[in-house]
Amino acid sequence: MHHLSHRRSVLILGGTAEARALAAALVAQGLEVTSSLAGRVANPALPAGEVRIGGFGGADGLAEYLGGNRFGAVVDATHPFAARMTDNAVVACQAVGAPLLRLARPGWADHPNASQWRWVDGFDSAAAVAGDLGSRIFLTTGRTTLTHFLPLAVTFVLVRLIDTPDEHFPVAWQAIRSRGPYTVDGERSLLAEFGIDLLVTKDSGGSLTAPKLAAARAANVPIVIVRRPATPAGVEQVSTVEAAARWTVQTALAAG
Ligand code: NAP
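Residues numbered from 1 in each chain as written. Predicted model: local features only at pLDDT ≥ 70, side-chain atom pairs only at ≥ 80, totals over all residues. Heavy atoms only, no water.

Caption draft 1: The arrangement of empty space enclosed by the protein in detail. Applying the stated criterion across every chain yields a total of 2 cavities of 30 Å³ or more. Roughly 40 Å³ of internal volume is contained in the largest cavity. Lining of the largest cavity is provided by Gly 14, Gly 15, Thr 16, Ala 19, Arg 20, Ser 35, Leu 37, Ala 45 and Pro 47. Looking at the lining of the largest cavity, the elements that each hand over two or more residues are α2 (17–28) and β2 (32–37). Taken together, the residues of the lining of the largest cavity break down into 4 nonpolar, 4 polar and 1 charged. The calculated volume of the second largest cavity comes to roughly 30 Å³. (1 Å grid on protein atoms, 1.4 Å probe; cavity = no way out; pocket = protein on both sides within 12 Å on 5 of 7 lines; lining within 4 Å. Points joined across faces, edges and corners; volume = space filled by probe spheres on them. Helix = DSSP H or I, 4+ residues; strand = E, 2+ residues; numbered from the N terminus. Nonpolar A, V, L, I, M, F, W, Y, C, P; charged D, E, K, R; others polar.)

Caption draft 2: Inspection of the side chain of Asp 163 at higher detail. For Asp 163, the position within the fold is in the loop between β8 (156–161) and β9 (173–177). Salt bridges are absent for the buried Asp 163, whose nearest opposite-charge side chain, Arg 177, sits at 4.6 Å. Among the polar contacts made by the side chain of Asp 163, one reaches the main-chain amide nitrogen of Ala 42 at a distance of 3.0 Å. If we ignore the near neighbours within four places in the chain, the residues touching Asp 163 are Arg 40, Val 41, Ala 42, Arg 143 and Arg 177. (Buried < 20%, exposed > 50% of the residue type's maximum accessible area, 1.4 Å probe, protein only. Lys, Arg positive; Asp, Glu negative; His and termini not counted. Salt bridge = Lys/Arg side-chain N within 4 Å of Asp/Glu carboxyl O. Polar contact = N/O pair within 3.5 Å; in protein donor to acceptor, adjacent residues only side chain to side chain. Contact = heavy atoms within 4.5 Å.)

Distances and angles like these do not, on their own, reveal function.
This is the structure we're talking about:
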């Protein structure tokens, strides 16, 4: 029985709405779910099941953790831009022979206006292009990317973050705190209120933060968007919570 119960247990590398939806779906199907969060956000939305918080200590640390817990399946449902965690998951799961699935929501490349956006590779390119294209910039690329934009010599930068920042920003910057989801009307008001003339964002995908794209289009505000990092080769990947739930149930139960 002890052995079986391990096989029914799964690890979700989380920190996204999809990871929480997957945890709920798997708990409802009777699996033992542990979700892992990085601990970046002060007051995170907690998924169903067990939750552990904090880094593992690189791929080695994750391999050690997996070895100690013997999960029947691992789902990497981290954010599409959480490339380090995704790479570590591949290395660690290979090392201990744990089945791994990548769940990544579709990007915005298929958005109706995507061909009009300025697509760039990386945050330094985004900063360089932004300095040429805008003077009052709305920046929604996330806290960990801000250092790339600090040298920007523009009139104004509005940066939106989930937590109140502790860092000191240049005088031309203003930080606002919010977590979404957003509406097109709300985003339009924000662009107008701050006189924004350029949106700088990244291809996170999903619907919760997409309204800024339509709002920018409606307000004739151009968009600079950072392409996603490449996904590791050879890892099975799905784009929906439903597909991830099917794979996880099959994989975890098959081994038992
Ligand atoms: P990252 O750069 O890929 O990861 C950096 C380090 O943070 C990893 O090496 C790992 O530390 C730790 N880590 C990341 N995700 C973890 C998880 N789910 N559980 C335990 N440790 C984790 O990741 P990031 O871009 O900073 O994202 C951190 C977290 O925020 C992720 O859970 C991600 O899903 C979520 N998130 C990220 C974004 C984004 O835009 N990047 C947006 C929304 C949510 P060790 O090496 O010590 O294990």
